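# Notes for the structure review
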Amino acid sequence: MSHDHTHSHSHPHSHDHDHGHSHDHHHDHNSEMSMAEKLNTLLTHWIDHNDSHMQNYLSWAAKAQDAGLDDVADALKAAGNLSQTVTEKLKRGLAALE
């Protein structure tokens, strides 16, 4: 047994997701960048971006601590510490390019 009819439906919600911070990339698309130049640009961006997240985690950890949410504060502090480790690895990669 088969049937043939069309289904139509819409998706009324937007698929735009704003993270509240810039992801701008400024470079000239008319010239070719070497792999080292590309990595330098990316690593510098990732370090700044990761540090921003780390500061947010630690800021919210303090707020959670003040609110008596010790387990949440501990988790956010741990995330901040992990972010610091990631930043150190990224900085090591950036230094290797110099």
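This text follows the structure it describes.
A brief look at the structure comes next. (Residues numbered from 1 in each chain as written. Predicted model: local features only at pLDDT ≥ 70, side-chain atom pairs only at ≥ 80, totals over all residues. Heavy atoms only, no water.)

### A look at the overall build of the protein chain
Looking only at helices and strands, the protein chain has two helices and zero strands in total. Within the span of the protein chain, comprising 98 residues, buried residues form 13% of the whole. Of the contacts formed within the protein chain by residues at least 6 apart in sequence, a portion of 60% connects residues at least 24 apart. (Helix = DSSP H or I, 4+ residues; strand = E, 2+ residues; numbered from the N terminus. Buried < 20%, exposed > 50% of the residue type's maximum accessible area, 1.4 Å probe, protein only. Contact = heavy atoms within 4.5 Å.)

### Some points on the side chain of Thr87
For Thr87, the position within the fold is in helix α2 (residues 70-97). We classify Thr87 as buried; its relative accessible area is 1%. Other than its neighbours up to four places away in sequence, Thr87 contacts Ile47, Asn50 and Asp51.

### Things to note about α2
When the terminal C-alpha atoms of α2 are compared, their 41 Å separation across 28 residues agrees well with the 40 Å that a helix rising 1.5 Å per residue should span. The secondary structure elements touched by the buried residues of α2 are α1 (35-66). (Expected span 1.5 Å × (residues − 1).)

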